[in-house]
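Spelled out from the first residue to the last, the chains are:
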Amino acid sequence: MPAYEKKEVEFFGKITAGSTHEMKNVLAIIRETCGLMEDLMALSRETPMPHREKFQKALAVIKAQIQRGVEIIDRLNRFAHSPDAEIARINLNETSEQVITLARRFARLKNVALDTEPGPPLTVVTRPVRLLMALFGCIECCLNVIPPGSKIYLRPQIKGETYALHIACEGDFPKPADSAQRMAAADQWPDLERTVASLGGSLELDASGPGVWLLLPKAPA
Amino acid sequence: MTKLTVLLVDDEVEFVKTLAERLQLRGFEVRVAVDGESAMNQIQAGFHDLVVLDVMMPGLGGLEVLKQIKQHQPRIPVILLTGHSSTSDGIEGMRLGAFDYLMKPINIDELIKKMQEAVAT
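Position numbers for residues count from 1 along each chain, tracking the sequence in the order it is written. Chains and ligands are labelled by the order in which they are written, letters from A for the one and numbers from 1 for the other. Local features in this predicted model are restricted to residues whose pLDDT is 70 or higher, and side-chain atom pairs enter the listing and the counts only when it is 80 or higher, whereas totals over whole chains, interfaces and linings include all residues.

(A) Molecular detail of the overall build of chain A. Numbering of helices and strands runs from the N terminus; a helix is a DSSP stretch of H or I covering at least four residues, while a strand is a stretch of E covering at least two. Tallying secondary structure elements over chain A gives 6 helices and 7 strands in all. Dimensions along the principal axes, computed over C-alpha positions, put chain A at roughly 70 × 45 × 30 Å. Neighbour density around each residue's C-beta defines its exposure: 20 or more other C-beta atoms within 10 Å make it buried, 12 or fewer make it exposed, and counts between make it partly exposed, where C-beta atoms are placed from the backbone. For chain A, the proportion of its 221 residues judged to be buried stands at 31%. Contact criterion: two residues are in contact if their C-beta atoms, reconstructed from the backbone, are within 7 Å. Residue pairs in contact within chain A that sit at least 24 positions apart in sequence constitute 75% of those at least 6 positions apart.

What follows is the structure, encoded as structure tokens:
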């Protein structure tokens, strides 16, 4: 990667990681303040308090959203640390889980369910950010052609001499082969192919699904 | 049961104030420091059963405070609080002698359980 691009990506990662740390402190303050309100309400349990039940429900909602915020921030923090190493040994199951959590919101906006099915332990040596970007791109290609109500599964597996990530679409597809062709005809497909090629891998359309195979060379032992 | 005296150390003033109040409601004697230097001054000046210490603070950071506590008052157990999403700070802290660590935002019941374990050990 050209030096400046590398520095830009590292800069994004550093600032994002720092911001997630700060957000954790914000959530910690909100949680403690919420907790204090619960404590004080518990102390005055015998005293009549208008809307007590509503307060309790509201505090429960706040706590649930705090937890949701923590999960989002943890996810963002992990992503922000992706550029820490330009090239790394990567576990494909862990990467699949990571990209699913990053992409799930985008899938939900299209009313598509997104999940991963863990496979055998598979390790590749490659660029972590670029691999995440490539996987995300494959998911986007699928999201752009499949109807609402469909599902996308990410399945790491061995395919011939390569390690593969199968991005498989499931749902009501009258002509899966047509859907696969529409993926390949998308504007971003050539860029996606180039990105995967720069990782030493390749893309294959799965006309039966439809879906996409992202193939990568196995890591040296 | 004897009241435990705990020193809370965190530069996030609202966090440490609110946590102190919640621990006081639960029967703890709580003192507060908002930076590493004043934490060390308090530790040297008075008795504390344990310290709950944030890792990331400006100036004298949490891990440095931990090292100094272990050097000057090794009997005081320390529980670290970290805002990092990874466990690396906590693991480094335990290597330096912390009793345990919790990730923020914390669960107060979990904190109290660890505090009681720390003092019992």
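(B) Molecular detail of the nonpolar core. Joining buried Ala, Val, Leu, Ile, Met, Phe, Trp, Tyr and Cys residues through C-beta atoms within 7 Å gives a set, and that set is a nonpolar core. B:Val9, B:Val51, B:Leu53, B:Val78 and B:Ile79 are the most contacted members of the largest nonpolar core, which totals 35 residues. For this core, the secondary structure elements donating two or more residues are α1 (3-43) of chain A together with β1 (5-9), α1 (13-25), α2 (36-45), β3 (50-54), α3 (62-72), β4 (78-82) and α5 (108-120) of chain B. Counting residues per element, this core draws most heavily on α1(B), which supplies 5 residues. Contacts of B:Ile79, omitting those with residues within four sequence positions, involve B:Leu50, B:Val52, B:Ala98, B:Phe99, B:Asp100, B:Tyr101, B:Leu102, B:Lys114, B:Met115 and B:Ala118. A:Ala103, A:Leu165, A:Ile167 and A:Ala180 belong to the second largest nonpolar core, which has 33 residues in total.

(C) Region of the structure containing the sheet that holds β1(B). Residues and elements named next belong to chain B. What makes two strands pair is DSSP finding at least two bridges between them. Taken together, 5 strands build an open sheet; the order of strands is β2-β1-β3-β4-β5 and the sheet is parallel. Pairing within the sheet leaves two strands with one partner each, and these edge strands are β2 (29-33) and β5 (100-103). Taking each pair of neighbouring strands and ignoring which way they run, the sheet shows an average axis angle of 20°. One ladder, built from 4 bridges, connects β4 with β5; its direction is parallel. Interaxial angle, 0 to 180 degrees, is taken between N-to-C directions of lines fitted to C-alpha atoms, where a helix line uses only the stretch in contact.

(D) Region of interest: the sheet that holds strand β4 (residues 151-159) of chain A. All names here are of chain A. Taking strand neighbours across the sheet as the criterion, the 5 strands line up as β2-β4-β5-β7-β6 in an open arrangement whose pairing is mixed. Both outer strands of the open sheet, β2 (113-116) and β6 (202-206), are each paired with one neighbouring strand and no more. Within this sheet the neighbouring strands show an average axis-to-axis angle of 20°, counted without direction. Contacts from helix α3 (residues 92-109) reach β2, β4 and β5 (162-170), with the element oriented near 170° to β2.

(E) View of the pairing of β5(A). Residue and element names in this part refer to chain A. Two elements, β4 and β5, share 9 bridges in a ladder whose sense is antiparallel. Its bridge partner being in β5, Gln157 is matched across the sheet by Ala164. Once β4 ends, the chain turns through 2 residues before running back antiparallel as β5, passing Gly160 with a positive phi of about 60°. Here β5 pairs with strand β7 (residues 211-217) via 7 bridges, running antiparallel. Of the residues in β7, the one forming a bridge with Ala168 is Gly211.

(F) Local environment of the pairing of β3(B). Residue and element names in this part refer to chain B. Buried residues dominate β3, accounting for 5 of its 5 residues. The side-chain alternation of β3 yields two buried faces, one formed by Leu50, Val52 and Asp54 and the other by Val51 and Leu53. Two elements, β1 and β3, share 4 bridges in a ladder whose sense is parallel. What sits directly across from Val9, in β3, is Leu53.

(G) Quick look at the domain arrangement of chain A. All names here are of chain A. By the assigned domains, chain A splits into domain 1 (3-83) and domain 2 (85-217). For every domain, the bounds stem from an assignment made automatically or drawn from a database. Placing a centre on the C-alpha atoms of domain 1 and another on those of domain 2 gives a separation of 31 Å. Each side of the interface is counted separately: domain 1 has 7 residues, and domain 2 has 7 residues. Of all elements in the fold, only α1 and α2 (52-80) reach the threshold of two or more residues within the side of domain 1 that touches domain 2. The element best represented in the side of domain 1 that touches domain 2 is α2, accounting for 3 residues. In this count, Pro and Cys sit with the nonpolar residues alongside Ala, Val, Leu, Ile, Met, Phe, Trp and Tyr, while Asp, Glu, Lys and Arg are called charged and the others, Gly among them, polar. Broken down by class, the residue content of the side of domain 1 that touches domain 2 amounts to 3 nonpolar, 1 polar and 3 charged.

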